[in-house]
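Below are the chains, spelled out letter by letter.
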Amino acid sequence: MERKKVLITRQLPGDAVEKLKEECDLLCDPPSDQMPRNQLLELIPEADALICLLSETIDREVISRAPKLKVISNYAVGYNNIDVAFATERKIYVTNTPDVLTEATADLAWALLLAAARRVVEGDEMVRQNRFTGWAPDLLLGLDVAYKTLGVVGLGRIGLAVARRAKGFGMRVLYWSKNRKEQWEEQFGLEYQPLDTLLQTADFVSLNVALTPETHHLIGEKEFSLMKNTAILVNTARGPVVDEAALAAALREKKIWAAGLDVYENEPEVHPDLLKLDNVILAPHVGSGTIDTRAKMAEMVVSNVLMALKGQRPTNAIN
Ligand code: NAP
């Protein structure tokens, strides 16, 4: 059988790509930096399979230049960067990397929640800048987390993993999602609430919805006005779920207490007003960024490609 050609837009951790090379040819050595779009457009016509990142827009222009393409294997669980409808029309599989990154991403949501509640980054800066002059009763006071109320917006795999962790803190857990999950309510002690009620009630709000046209700017000025002024917002979903300008205003005007963000509306740009605020913790989109998780994601994208190229339906096909 003729060896198939695979385009990989970036070097991936682990040894999965080496295994792929035993069965397929790569159209180029995967670059160590973001592949320029013109190079992607130049190489895609020869590709039988594409392994790409969430930071690349795989739209109609890319897909229509790829007559041989059988699979778009996204190195992420979210696939809002891909025109799935058009890929489906062209009978191209789109695959993602669910489950393997669930726990790592939930851990980061909790790292941001705790760091924002206890002002960990401000404390670190204070110590490094020699401004720590000794224990004081009122030094960098934060918020209690235990026995408070967490609201999870989007109860999918990661949302549930965030909720499960809250039980270790003795928290009441509310959720809102597209579909109610009565089985999980009982099993994990969760309460379904309409979004407005969740926002009014929760002390901590974790965003875990997929980005779709319906969830774009799901949280904006109106939603911030519903939240408690002691609330903390955590976003490890996708930046455009939040109206970033409205978030910056809510934090500046202390309509909410703090935020912990891993994702931004126009990555890698961050709204300039957020950069000026102390009550927001800014992570560089590293939700799934652990050594083990990123290696498992690489194995998954390769496995999905090999299945599609062998004429099988890939395990993680979403279309
Ligand atoms: P998932 O299991 O598919 O969960 C996504 C959730 O979004 C589902 O529970 C779904 O609700 C909900 N949802 C979708 N459309 C909705 C709508 N219109 N209204 C309300 N809820 C809606 O995916 P996952 O594995 O948990 O991942 C969730 C998201 O996290 C991904 O899409 C990705 O964008 C993001 N993520 C970020 C990182 C990072 O590095 N920061 C890492 C991994 C994932 P129902 O189940 O009720 O239908």
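Residues numbered from 1 in each chain as written. Predicted model: local features only at pLDDT ≥ 70, side-chain atom pairs only at ≥ 80, totals over all residues. Heavy atoms only, no water.

### Comments concerning a nonpolar patch on the surface
Right, so step 1: There is a patch of nonpolar side chains on the surface, built from Val127, Phe132 and Leu139 and spanning about 260 Å² of accessible area.
Right, so step 2: Among the secondary structure elements, Val127 is positioned in helix H6 (residues 120-128). (Patch = residues over 30% accessible without salt bridge, like charges linked within 9 Å, V, L, I, M, F, W, Y side chains within 5 Å. Areas by Shrake-Rupley, 256 points an atom, 1.4 Å probe, with all protein chains shown as cover. Salt bridge = Lys/Arg side-chain N within 4 Å of Asp/Glu carboxyl O. Helix = DSSP H or I, 4+ residues; strand = E, 2+ residues; numbered from the N terminus.)

### Observations concerning the environment of Val17
Right, so step 1: For Val17, the position within the fold is in helix H1 (residues 16-23).
Right, so step 2: Residue Val17 is classed as buried on the basis of its relative accessible area, which comes to 11%.
Right, so step 3: Ignoring any residue separated from it by four or fewer positions in sequence, one finds Val17 in contact with Ile8, Leu12, Leu26 and Val302. (Buried < 20%, exposed > 50% of the residue type's maximum accessible area, 1.4 Å probe, protein only. Contact = heavy atoms within 4.5 Å.)

### Observations regarding helix H13 (residues 291-309)
Right, so step 1: In this model, H13 (19 residues) spans 28 Å end to end at C-alpha, consistent with the 27 Å of a helix rising 1.5 Å per residue.
Right, so step 2: Buried within H13 we find Thr293, Met297, Ala298, Met300, Val301, Val302, Asn304, Val305, Leu306, Ala308 and Leu309.
Right, so step 3: Buried-residue contacts for H13 involve strand S1 (5-8), H1, strand S3 (49-52), strand S4 (71-74), strand S5 (93-95) and helix H5 (102-117). (Expected span 1.5 Å × (residues − 1).)

### Some words on the site of the ligand
Right, so step 1: Surrounding the ligand, one finds 26 residues, the nearest of these being Ile158, Ser177, Asn179, Lys181 and Asp262.
Right, so step 2: One of the backbone N or O atoms of Gly156 is found 2.9 Å from an oxygen atom in the ligand.
Right, so step 3: Here Lys181 contributes a side-chain N or O atom positioned 2.7 Å from an oxygen atom of the ligand.
Right, so step 4: Look at the ligand: alone it shows 920 Å² of surface, and the protein chains cover 87% of it.
Right, so step 5: Looking at side-chain class alone, the shell around the ligand contains 9 nonpolar, 11 polar and 6 charged residues. (Near = heavy atom within 4 Å. Polar contact = N/O pair within 3.5 Å; in protein donor to acceptor, adjacent residues only side chain to side chain. Nonpolar A, V, L, I, M, F, W, Y, C, P; charged D, E, K, R; others polar.)

### Brief notes about the sheet that holds strand S10 (residues 232-235)
Right, so step 1: The strand order across the open sheet built from 7 strands is S8-S7-S6-S9-S10-S11-S12, with neighbouring strands paired in parallel fashion. Every other strand in the sheet has two partners, leaving strand S8 (190-192) and strand S12 (280-282) as the edge strands with one partner each. With strand direction ignored, the average angle separating the axes of adjacent strands in the sheet is 20°.
Right, so step 2: Against the sheet, H5 makes contact with strand S6 (149-153), strand S9 (204-207), S10, strand S11 (258-261) and S12, and its axis sits at roughly 150° relative to S10, the strand it touches most. (Pairing = 2+ DSSP bridges. Axes fitted to C-alpha atoms, helices over the stretch in contact; angles between N-to-C directions.)

### Here's the deal with the packing of H5 against helix H7 (residues 157-167)
Right, so step 1: Where H5 meets H7, the axes come as close as 8 Å, and the angle between the chain directions of the two elements is 55°. On the basis of their axis angle, the class for H5 and H7 is oblique. Relative to H7, H5 is oriented so that their crossing is right-handed. Judged by residue contacts, Thr102, Glu103, Thr105, Ala106, Asp107, Ala109 and Trp110 of H5 engage Arg157, Ile158, Ala161, Val162, Arg164, Arg165 and Ala166 from H7.
Right, so step 2: Among the residues making up the contact of H5 with H7, the classes are represented as 7 nonpolar, 2 polar and 5 charged. (Parallel < 35°, antiparallel > 145°, perpendicular 65-115°, else oblique. Left-handed = near helix turned anticlockwise from the far one by under 90°.)

### Focus on the packing of aromatic side chains
Right, so step 1: Applying the stated rule across the entire model yields 2 aromatic pairs.
Right, so step 2: With a centroid separation of 4.6 Å and 15° between ring planes, the pair formed by Trp110 and Phe169 is classed as stacked. Pair noted here: Trp110 is in helix H5 and Phe169 is in the loop between H7 and strand S7 (172-176), with a separation of 59 residues, a long-range link.
Right, so step 3: Judged by its relative accessible area of 4%, Trp110 falls in the buried class.
Right, so step 4: Relative to Tyr192, the ring of Tyr175 lies with its centre 5.3 Å away and its plane at 70°, an arrangement referred to as edge-to-face. Residue Tyr175 is found in strand S7, and its partner Tyr192 is found in strand S8; the two are separated by 17 residues along the sequence.
Right, so step 5: Given a relative accessible area of 27%, Tyr192 falls into the partly exposed group. (Phe/Tyr/Trp six-rings, centres within 6.5 Å; stacked < 30°, edge-to-face > 60°.)

### Quick word on the pattern of salt bridges
Right, so step 1: The full count for this structure, using the stated rule, is 22 salt bridges.
Right, so step 2: Between Arg119 and Glu122 there is a salt bridge, and its shortest N-O distance comes to 3.0 Å.
Right, so step 3: Between Glu223 and Lys222 there is a salt bridge; the shortest N-O distance is 3.8 Å.
Right, so step 4: Relative accessible area serves as the criterion here: at 12%, Glu223 is assigned to the buried category.
Right, so step 5: Because the salt bridges share partners, they merge into one network encompassing Glu103, Asp107, Arg164 and Arg165.

### Description of H7
Right, so step 1: When you tally the buried positions in H7, you get 8 out of 11 residues, the bulk of the element.
Right, so step 2: Considered for burial, the residues of H7 that qualify are Ile158, Gly159, Leu160, Ala161, Val162, Ala163, Arg165 and Ala166.

### A closer look at the pairing of S10
Right, so step 1: Taking every second residue as pointing to the same face, both faces of S10 are buried, with Ile232 and Val234 on one and Leu233 and Asn235 on the other.
Right, so step 2: Relative to S10, S9 runs parallel, the two sharing 4 bridges. Bridge pairing links Val205 to Leu233 in S10.
Right, so step 3: Sheet topology places S10 next to S11; 4 bridges connect them, and they run parallel. Residue pairing in the sheet places Val234 in a bridge with Gly260 of S11.
Right, so step 4: Crossover S10 to S11 through helix H11 (residues 244-252) is right-handed. (Right-handed = clockwise from strand over helix to strand, strands pointing away.)

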